[in-house]
Amino acid sequence: MRSESVINERNLQISPTSSRSVTETVNGSHKFVIQGYSLAKGMGIGKHIASENFTVGGYQWAIYFYPDGKNPEDNSSYVSVFIALASEGADVRALFELTLVDQSGKEKHKVHSHFDRSLESGPYTLKGYKRFFRRAMLETSDFLKDDCLKINCTVGVVVSKVDPSRLPSIVVPESDIGSHFGMLLDNKDGSDIVFDVSGEKFHAHKLVLAARSPALRAEFFDDLEENKQEIVVTELEPKVFKAMLHFIYRDTLVEDEELLASSSSCEFSVSDTLIAKILAAADKYGLIRLRLMCESYLCKDISIGSVARMLALADRYQAAELKAACLKFAAENLAGILVSFSLGISPLSSIYLAKQRHKFQFSRLH
């Protein structure tokens, strides 16, 4: 009896274990803009334009657009669109959706969903639609605007995983040091330096400025007049200086309606925009992060009409990332740029762009 009770006691001490298998989709999307459709048309049946590779669910994907169709028997009557699995030797189960964007604002997009879940043995296993859209209808539709098509692709990679038991977690909030320093700037507590910018006074703190800007650190502590309490700034406008202080204290780009103005607008030069002036201030005061933030903002407005002016701006203020983006855009859209120049854009811009493109090609060769 005693041995039986011992056995029962041991059985009661064994804790049950459990696990759970979860099958779900890891989703991602990619926007593919095809600029210069009329130039791509006629490249030949079976020839395609490819998007850059993008990653969803740990796999590489790409969108293939065939302006003259993929099928010889269709005699270029249709455009073809495919999703390509670009990862090496991969066996993937996936769902995807290809959407041709209605650019009229009516939201009448052309959507194709594909639910064949096997894509095996990449790279470049294709799934899609040989007869995605009849070409004659496409060219008179709201899907084509300013010789541009927009295709959105959503991929859902099917994955199965075991969901383990998890320990409790504690969520740590995002850093709020920028808001605290921002309050220091707003309240002027302990300020020990005043900047006079076109008659407008800005109170600040030498130690904060010196920690952020090598140029200001040199002015405050390497200069013989390190005890000066007011500095006159003549090169910057007050709103530009205020935006620079906003970054120094808060580590963010100022929110201003003027930043929404497109640098490619015909109403003013790129260099006259607020974001370009902030870029100039960032270069002057050695604020590398602010300069990169400005470059990223300006990069969104690169177009056939603005690329030469963007290049000139990037060259002037050592904006290497913006310059590289402009050169890449120019190399990929050369035909459209040359047409634009022929329609009346400044010859000086054309000469500048040609020189920059030559430098870019030479550097790639060496």
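The structure displayed is predicted, hence computed values, not measured ones. (Residues numbered from 1 in each chain as written. Predicted model: local features only at pLDDT ≥ 70, side-chain atom pairs only at ≥ 80, totals over all residues. Heavy atoms only, no water.)

Caption draft 1: View of the overall build of the protein. Summing up its helical and strand segments, the protein has 13 helices and 14 strands in all. Counting the 366 residues in the protein, one finds 39% classified as buried. Per element, the accessible surface of the protein, about 21700 Å² overall, is 52% carbon and sulfur. (Helix = DSSP H or I, 4+ residues; strand = E, 2+ residues; numbered from the N terminus. Buried < 20%, exposed > 50% of the residue type's maximum accessible area, 1.4 Å probe, protein only. Areas by Shrake-Rupley, 256 points an atom, 1.4 Å probe, with all protein chains shown as cover.)

Caption draft 2: Looking closely at the confidence of the model for the protein. Averaged over all residues, the pLDDT of the protein is 81; the fraction at 70 or higher stands at 78%. Within the protein, the element-level pLDDT minimum falls on helix α13 (residues 347-365), averaging 49, and the maximum on strand β13 (residues 200-204), averaging 95. Contacts of residues 261-267 to residues separated by more than four positions or lying in other chains number 13 contacts, the stretch itself having pLDDT below 50. Low pLDDT (under 50) marks residues 361-366, which in the prediction has 0 contacts with non-local residues, meaning those over four places away or in another chain. (pLDDT = per-residue confidence, 0-100. Contact = heavy atoms within 4.5 Å.)

Caption draft 3: Main features of the sheet that holds strand β12 (residues 193-197). Taken in spatial order, the 3 strands line up as β13-β12-β14 in an open sheet, and their pairing is mixed. For this open sheet the edge positions go to β13 and β14 (230-233), each flanked by a neighbour on one side alone. Neighbour-to-neighbour, the strand axes of this sheet turn through a mean angle of 25°, independent of strand direction. Looking at chain direction, β12 and β13 are connected through 5 bridges and run antiparallel. Paired with Phe195 across the two strands is Phe202, which belongs to β13. (Pairing = 2+ DSSP bridges. Axes fitted to C-alpha atoms, helices over the stretch in contact; angles between N-to-C directions.)

Caption draft 4: Molecular detail of the side chain of Asp74. The topology assignment puts Asp74 in the loop between β4 (59-66) and β5 (78-85). In terms of polar contacts, Asp74 uses its side chain to reach the side chain of Arg131, at 2.7 Å. Here Asp74 is in contact with Lys130 and Arg131, once residues within four sequence places are set aside. (Polar contact = N/O pair within 3.5 Å; in protein donor to acceptor, adjacent residues only side chain to side chain.)

Caption draft 5: Region of interest: the environment of Gln103. Tracing the sequence through the fold places Gln103 in the loop between β7 (94-100) and β8 (110-114). Taking the relative accessible area as the measure of exposure, Gln103 reaches 17% and is therefore buried. Sequence separation of Gln103 and Lys150 is 47 residues, and the distance between their C-alpha atoms is 8.2 Å. Apart from the residues lying within four places of it in its own chain, the contact partners of Gln103 are Asp142, Phe143, Leu144, Lys145, Cys148, Leu149 and Lys150. Within the structure, the side chain of Gln103 is placed 2.8 Å from the backbone oxygen of Phe143, a separation counted as a polar contact. In terms of polar contacts, Gln103 uses its side chain to reach the backbone carbonyl oxygen of Cys148, at 2.8 Å.

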